[in-house]
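Structural characterization, general
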Amino acid sequence: MKIAIANDHGGVELKQHLVEYLTAQGHEVVNLGADDTASSHYPIYAARVAKAVLSGACDKGVLICGTGLGISISANKIRGIRCAACSEPVSAALARRHNDANIVAMGARTIGPVMAEAIVDAFLTAQFEGGRHQLRVDMIAKLENGEPLE
Ligand code: RB5
């Protein structure tokens, strides 16, 4: 799989760990994040990964900031992005199975590298189940368009 990954200054070390981990697993990893700890702005990195995923250049995205929150909130402002901030693998798998999430986000200050590996493993292997979940994902798209749901 081709994976876009990015991070702000809070996520440099965890990003480097995941680039090595995912590459060793045979994935092609495109690093769009900060590579030093100078203060930077997480919305920029969210936008880069969102663009890579929405354009089809990459299959899925991984975002890292201090908490995983600012960067996921930013990504979810972009039409077509469903970014799940996860701190454990069950949510990461369900974000794929039920929400068809196309980006996973995590917090370098809240989880360790082994948990991050479990999260990306779960996210990248689980499959969207469609059916009633597709109806709800379609409703999310309607919200993006300002369309009423009821
Ligand atoms: C940066 O200090 C920090 O605010 C950022 O990495 C993230 O945690 C924001 O949600």
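All of the points below concern the structure found in this document.

1. Some details on helix H5 (residues 113-125)
Look at H5: 18 Å from first C-alpha to last across 13 residues, which is about the 18 Å you get at 1.5 Å a residue. The complete set of buried residues in H5 reads Ala116, Glu117, Ile119, Val120, Ala122, Phe123 and Leu124. Its buried side turned inward, H5 meets strand S1 (2-7), helix H1 (12-24), strand S3 (60-65), helix H4 (89-97) and strand S5 (103-107).

2. Looking at the packing of H4 against H5
The contact between H4 and H5 brings their axes to 7 Å, and the two run at 20 degrees. Judged on the interaxial angle alone, H5 and H4 are roughly parallel. Every pair of crossing elements has a handedness; the one defined by H4 and H5 is right-handed. Between H4 and H5, the contacting residues are Pro89, Ala92, Ala93 and Arg96 on the first element and Met115, Ala118, Ile119, Ala122 and Phe123 on the second. Class assignment of the residues belonging to the contact of H4 with H5 gives a composition of 8 nonpolar, no polar and 1 charged.

3. Section: the environment of Gly80
Tracing the sequence through the fold places Gly80 in the loop between helix H3 (69-75) and strand S4 (83-85). Sequence separation between Gly80 and Asn102 is 22 residues; the distance between their C-alpha atoms is 8.8 Å. Ignoring sequence-local partners within four residues, the contact set of Gly80 consists of Leu54, Asn102 and Glu144.

4. Topic: the sheet that holds S4
With parallel pairing, 5 strands are arranged side by side in an open sheet as S2-S1-S3-S5-S4. A single partner strand is all that each edge strand has here, and the edge strands are strand S2 (28-31) and S4. If you compare each strand with its neighbour and ignore which way they point, the axes differ by 20 degrees on average. For S1 and S3, the ladder comprises 5 bridges, and the chain directions are parallel. Residue pairing across strands places Ala4 opposite Gly61, the latter belonging to S3.

Conventions adopted
Residue positions within a chain follow its written sequence, with the count starting from 1. Totals for whole chains, interfaces and linings use all residues, but because this is a predicted model, local features are given only for residues with pLDDT of at least 70 and pairs of side-chain atoms are given and counted only at 80 or more. Side-chain metrics in this entry use all non-hydrogen atoms of the structure; hydrogen atoms and water are not considered. Numbering goes from the N terminus for both helices and strands, where a helix is a DSSP run of H or I of at least four residues and a strand is a run of E of at least two. Expected helix span is given by 1.5 Å per residue-to-residue step, counting one fewer step than there are residues. Burial classes follow relative accessibility: with a 1.4 Å probe on protein chains only, a residue under 20% of its type's maximum area counts as buried, one over 50% as exposed, and anything between as partly exposed. Contacts are assigned to residue pairs that have any heavy atoms within 4.5 Å of one another. A fitted line through C-alpha atoms represents every axis, and for helices the fit uses only the stretch in contact; the resulting angles, taken between N-to-C directions, go from 0 to 180 degrees. Should an angle fall under 35 degrees it is taken as roughly parallel, and over 145 as roughly antiparallel, whereas 65 to 115 is taken as roughly perpendicular and any remaining angle as oblique. In a left-handed crossing the near helix is turned counterclockwise from the far helix by less than a right angle, and in a right-handed crossing that turn is clockwise. Note that Gly is not counted as nonpolar here; it falls among the polar residues with everything else outside the nonpolar set of Ala, Val, Leu, Ile, Met, Phe, Trp, Tyr, Cys and Pro and the charged set of Asp, Glu, Lys and Arg. Here, strands pair whenever DSSP counts at least two bridges between them.

From the geometry alone we can't say anything about function, so treat these as descriptive.
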